[in-house]
Amino acid sequence: MSSIFNGDETAPFFGFLGAAAALVFSCMGAAYGTAKSGVGVASMGVMRPELVMKSIVPVVMAGVLGIYGLIIAVIISTGINPKAKGYYLFDGYAHLSSGLACGLAGLSAGMAIGIVGDAGVRANAQQPKLFVGMILILIFAEALALYGLIVGIILSSRAGQSRAD
């Protein structure tokens, strides 16, 4: 009985694992950043309720991290079609590394955004001049996830280059 499967039969496992890792780790970072920053916003809102909307920036920035993971997961999952084209271990490992790069960068950025957001909004309630500094630190923390997204896209684009089909 012949199989219509092209390539290594275990390779899609690694590809799908990369897609899952991108989404799961990025969403873990987004959830942690949102929760930690949200606690700071709630605590600060008791003292200075007029600053709540201004202090929601870290929560929004943390939420973007999940979108980065979603983008990579979609890119990876659309690149896995072993019936149409050969999918080899090289391709699976490229997708796995792509997902891990984006996901773990998103997780670390979410932790940084959560910690900075929590402390930053509380400090901003006491000294409004700290707002710009807090935003700059949050931008640099968000950039870490953006680096992971860029590297993830580059690594994902390497899949399919293992053999000349």
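Every residue gets a number counted from 1 within its own chain, in the order that chain's sequence is written. Totals for whole chains, interfaces and linings use all residues, but because this is a predicted model, local features are given only for residues with pLDDT of at least 70 and pairs of side-chain atoms are given and counted only at 80 or more. Hydrogens and water molecules were not included; the side-chain quantities draw on all heavy atoms of the structure.

Trainee: Just checking my understanding: could you explain the UniProt feature "domain: V-ATPase proteolipid subunit C-like" (unreviewed entry) in the chain for this structure?
Mentor: UniProt positions are given in the numbering used here, feature names are shortened, and annotations may be inferred rather than shown by experiment. According to UniProt, the feature "domain: V-ATPase proteolipid subunit C-like" (unreviewed entry) maps to residues 17–76 and 97–155 in the numbering used here. Only DSSP runs of H or I covering at least 4 residues are called helices, and only runs of E covering at least 2 are called strands; the numbering of each starts at the N terminus. Between the first and last C-alpha atoms of residues 97–155 the distance is 7 Å; the span itself is 93% helix and 0% strand.

Trainee: Help me out: how do you make sense of the UniProt feature "transmembrane region" (unreviewed entry) in the chain in this one?
Mentor: UniProt records the feature "transmembrane region" (unreviewed entry) for residues 12–35, 56–76, 96–118 and 130–155 in the present numbering. Summarising residues 56–76: 95% helix, 0% strand, and an end-to-end C-alpha distance of 32 Å. Secondary structure across residues 96–118 divides into 100% helix and 0% strand, with the first and last C-alpha atoms of the span separated by 33 Å.

Trainee: Got a minute to help me understand the side chain of His 95 in this structure?
Mentor: When you line up the elements, His 95 lands in helix H3 (residues 89–126). Its relative accessible area of 2% is what places His 95 among the buried residues. Contacts: residue pairs with any heavy atoms within 4.5 Å of one another. If near-sequence neighbours (up to four positions away) are discounted, His 95 is found in contact with Gly 15, Gly 18, Ile 76, Gly 79, Ile 80, Tyr 87, Ser 156 and Ala 159. Under the scheme applied here, a residue whose accessible area is under 20% of the maximum for its type counts as buried, over 50% as exposed, and between as partly exposed, the area being computed with a 1.4 Å probe on protein chains only.

Trainee: Would you mind going over the packing of helix H1 (residues 11–47) against helix H2 (residues 57–78) with me for this structure?
Mentor: Any two packed helices are characterised by how steeply their axes cross, that is the angle between the axes, and by the distance between the axes. Note on geometry: axes are lines fitted to C-alpha atoms, helical ones only across the stretch in contact, with angles between N-to-C directions running from 0 to 180 degrees. At their nearest, the axes of H1 and H2 sit 8 Å apart, and the two run at 175° to each other. On the basis of their axis angle, the class for H1 and H2 is roughly antiparallel. For this classification, the nonpolar set comprises Ala, Val, Leu, Ile, Met, Phe, Trp, Tyr, Cys and Pro, the charged set comprises Asp, Glu, Lys and Arg, and every other residue, Gly included, is treated as polar. Here the residues of the contact of H1 with H2 sort into 13 nonpolar, eleven polar and no charged. If an angle is under 35 degrees, it is roughly parallel; if it is over 145, roughly antiparallel; if it lies from 65 to 115, roughly perpendicular; otherwise it is oblique.

Trainee: Any chance you could explain the pattern of salt bridges here in plain terms?
Mentor: Oppositely charged side chains can pair when the atoms bearing their charge come close. Only one rule defines a salt bridge in this text: a Lys or Arg side-chain nitrogen within 4 Å of an Asp or Glu carboxyl oxygen. Taken as a whole and assessed by the stated rule, the structure comprises three salt bridges. Between Asp 118 and Lys 36 there is a salt bridge whose closest N-O contact spans 3.6 Å. Of this pair, Asp 118 sits in helix H3 while Lys 36 sits in helix H1, placing them 82 residues apart in sequence. A relative accessible area of 10% places Asp 118 in the buried class. Across the salt bridge formed by Asp 118 and Arg 122, the nearest N and O atoms sit 2.8 Å from each other. Note that Asp 118 and Arg 122 are positioned in helix H3 at a spacing of four residues, about one turn of the helix. Residues participating in the shared-partner salt-bridge network are Lys 36, Asp 118 and Arg 122.

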